[in-house]
Structure formats: C-alpha cells, structure tokens
Amino acid sequence: MDNRLRWQTIQAKVQETHLVRTVRLFRDRGLEPLVIKGWALARHYPQAEPRPASDIDLAFAPEDFPAAIELKNSNELRSVNLDCHCGLRSLDPTPWETIFARSRLVPLADEMIRVPADEDLFRISATHWLTDSGGRRDRLRDFKYLLEATNNFDWLLALESAGNVRKTWFYAVLAAARDFENLDAEFLPNELKTYELPKWFRLALEREWRRRPIIRGKLFAAWRYPSRFLELLSHQITESTIGQCIFLEEPIGNLPPRLIRLRVFVQKLKREFWQNGN
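Residues numbered from 1 in each chain as written. Predicted model: local features only at pLDDT ≥ 70, side-chain atom pairs only at ≥ 80, totals over all residues. Heavy atoms only, no water.

A. Broad picture of the pattern of salt bridges. All told, the structure shown has 24 salt bridges when counted by the stated rule. Glutamate 32 is the partner of arginine 114 in a salt bridge, and the nearest nitrogen-oxygen pair spans 3.0 Å. Taken together, the residues span a long stretch of sequence, with arginine 114 in strand β5 (residues 111-115) and glutamate 32 in the loop between α1 (3-28) and β1 (34-35) at a distance of 82 residues. Glutamate 49 is paired through a salt bridge with arginine 141; the nearest N and O atoms lie 3.3 Å apart. Of this pair, glutamate 49 sits in the loop between α2 (38-42) and β2 (56-60) while arginine 141 sits in helix α6 (residues 140-149); the two residues are 92 residues apart in sequence, bridging distant segments of the chain. (Salt bridge = Lys/Arg side-chain N within 4 Å of Asp/Glu carboxyl O. Helix = DSSP H or I, 4+ residues; strand = E, 2+ residues; numbered from the N terminus.)

Structure representation (structure tokens):
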C-alpha cells in the first residue's frame, strides 16, 4: 500500500468514527439523522479506493432541524466538520416523509446508520454534483460504484419521480459517468446506452475541470473595491452554464448556453438589488 492510499484509508476510518459518534449523540437527543452523500456513497467504493471526504452531511426532519443545529453548535460536536440540512431543500422535491419512509438502516461498526434508498441517494447526489457545476470529476465515481453495487435498481423511481426537467439532469450525469469514468453501459437503461451529452454540456465540464475554483461573493457588497468587484463580475459572467441551468430549473439541452448565462446574471442582480434595498 502506497503512502497516499494509506493516508486516505486512515482518513476514511477517522470519518467513520466521527460519523458513528455523531449519530449516537443526535439519537440521544431523540433526533434521527439521515446520512446523505459522504459515507452513504463511500460504503460502495472498493477497499483499494477509499472515497475522500472532508465533512459529514446529515439531513433532518424540518421540525427537528432547530434542535439539530443547537446540538451541532454545542461543545460536543464542535470538533466535527458537520453540515446539517433542513430536509433536502433544493436537492430533491420528494416530500421528506417519503424519503424517510424509503430509507434504511445499514451497519457501521456497532451502530446502525440511516441512509436514503439507493434511487433517492442517486438523485440527491446527482443534483448536488450539478449544483456545483460538476466541478469535481472524481465524484462521477459515486454513480459508477453506486450502480455497480446495487441490485434491482429502480430506474423509474430514480429518473422519473422528480419530474421531466430533472430527468434530463440525471441523464446528463449518468452519461458523464459513462463517458468520463467508464461506467459500464450494461448498468444503464436502454435509452441511456446511446444517449449523447449535449456538446455545450461536455465542453462546460471539461472547462470546469481546467479552471480554478469560482470565487463566491455578492456584486453589490464589493462595488467599493474595484479589483474585487471586477473579479466577481468576471466570474459571474463566465460561471459554468451547468450550475446556472440548475439554478434556473431548466432542462439540460433546452436553452443555448449564452441565454442561460444571461438569464441567471439578470436574476442574481435583481435578487441582490432587492436584498440590498431591504
């Protein structure tokens, strides 16, 4: 085992220890966390390829969220890099009660960890990846290993249940995993075996993988600092059309990239203007 793999393996074990302890603390308070992304995906990776992770993502029923945040900010969990979600927010439109009812408990060490059904996990993770404009190519392996490890994957539930717009998103994610991370087409439904990524989407991905991370910030807040303002303006104008398409809830492949970028730029300026005015 080389040093890099040894270090990744150690990190993965530390994350698992943190996860078990964190889940126990929440349950002691009567709160049931749903593990999304992170370990829910990492458990499908080959032992020789541990999935890197820097935080723990937990989703809670909306009514439990205030208590979850209170515990997250307590001294007991201050050392854990923890991201708590109120339901699933924009990650999936399925009602929380439905997602929770389909979830299941899987063993980790001497604890049972609640994770979404594989089909729900796919949709949640795919939407998150797209929201970040597909900036991490290595995360396409999440979908490769998830599908390779899952028996009787319900494609109707995975692709259709979130509506026709998001169905086009999931087609693009799966095709990207097929084309860039060698997801075997035998794991895909027939219509996806020959589906071709829109040219603009493929180019946007390749461009995103070459560029440095996008600088976040608000234009109106930076206008007093010309260099910062111009840098933010440049990133707003050149921001990946993938994330912008998701922001607009548009189907992938429907709008020309320039039109997507213009619409998002106008919407963000309008939102910042009203927030600044209030």
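B. Region of interest: the packing of helix α8 (residues 164-180) against helix α10 (residues 199-210). As a packed pair, α8 and α10 sit with axes 12 Å apart at the nearest point and diverge in direction by 65°. Crossing handedness for the pair α8 and α10: right-handed. Residues Ala172, Ala176, Asp179 and Phe180 of α8 touch α10, and the partners they reach there are Phe201, Arg202, Leu205, Glu206 and Trp209. (Axes fitted to C-alpha atoms, helices over the stretch in contact; angles between N-to-C directions. Left-handed = near helix turned anticlockwise from the far one by under 90°. Contact = heavy atoms within 4.5 Å.)

C. Highlighting the side chain of glutamate 111. If you trace the backbone, glutamate 111 turns up in strand β5. A polar side-chain atom of glutamate 111 sits 2.8 Å from a polar atom in the side chain of arginine 24. Excluding residues within four positions of it along the chain, glutamate 111 makes contact with Val20, Arg24, Arg27 and Val106. (Polar contact = N/O pair within 3.5 Å; in protein donor to acceptor, adjacent residues only side chain to side chain.)

D. Inspection of the packing of helix α5 (residues 118-131) against α8 at higher detail. At a minimum axis separation of 10 Å, α5 and α8 run at an interaxial angle of 80°. The angle between the axes of α5 and α8 places the two elements in the roughly perpendicular class. From α5, Phe122, Arg123, Ala126, Thr127, Trp129 and Leu130 reach across to α8, where they touch Arg166, Trp169, Phe170, Val173, Leu174 and Ala176. (Parallel < 35°, antiparallel > 145°, perpendicular 65-115°, else oblique.)

E. Local environment of the pairing of strand β3 (residues 82-86). The pairing of β2 with β3 spans five bridges and is parallel. Residue phenylalanine 60 lies in a different strand from β3, and its bridge partner there is cysteine 86. (Pairing = 2+ DSSP bridges.)

F. Looking closely at the nonpolar core. By size, the foremost hydrophobic cluster in this structure holds 63 residues, and its most contacted members are Leu19, Phe26, Phe122, Leu130, Leu174 and Phe201. With ten residues, the single largest contributor to this core is α8. Not counting residues up to four positions away in its chain, the partners in contact with leucine 19 are Val35, Trp39, Ile56, Leu58, Leu108 and Ile113. Formed by nine residues, the second largest nonpolar core is a distinct cluster that contains Leu34, Ile36, Ala59 and Ala61. (Core = buried A, V, L, I, M, F, W, Y, C linked by side-chain atoms within 4.5 Å. Buried < 20%, exposed > 50% of the residue type's maximum accessible area, 1.4 Å probe, protein only.)

None of this, on its own, says anything about what the molecule does.
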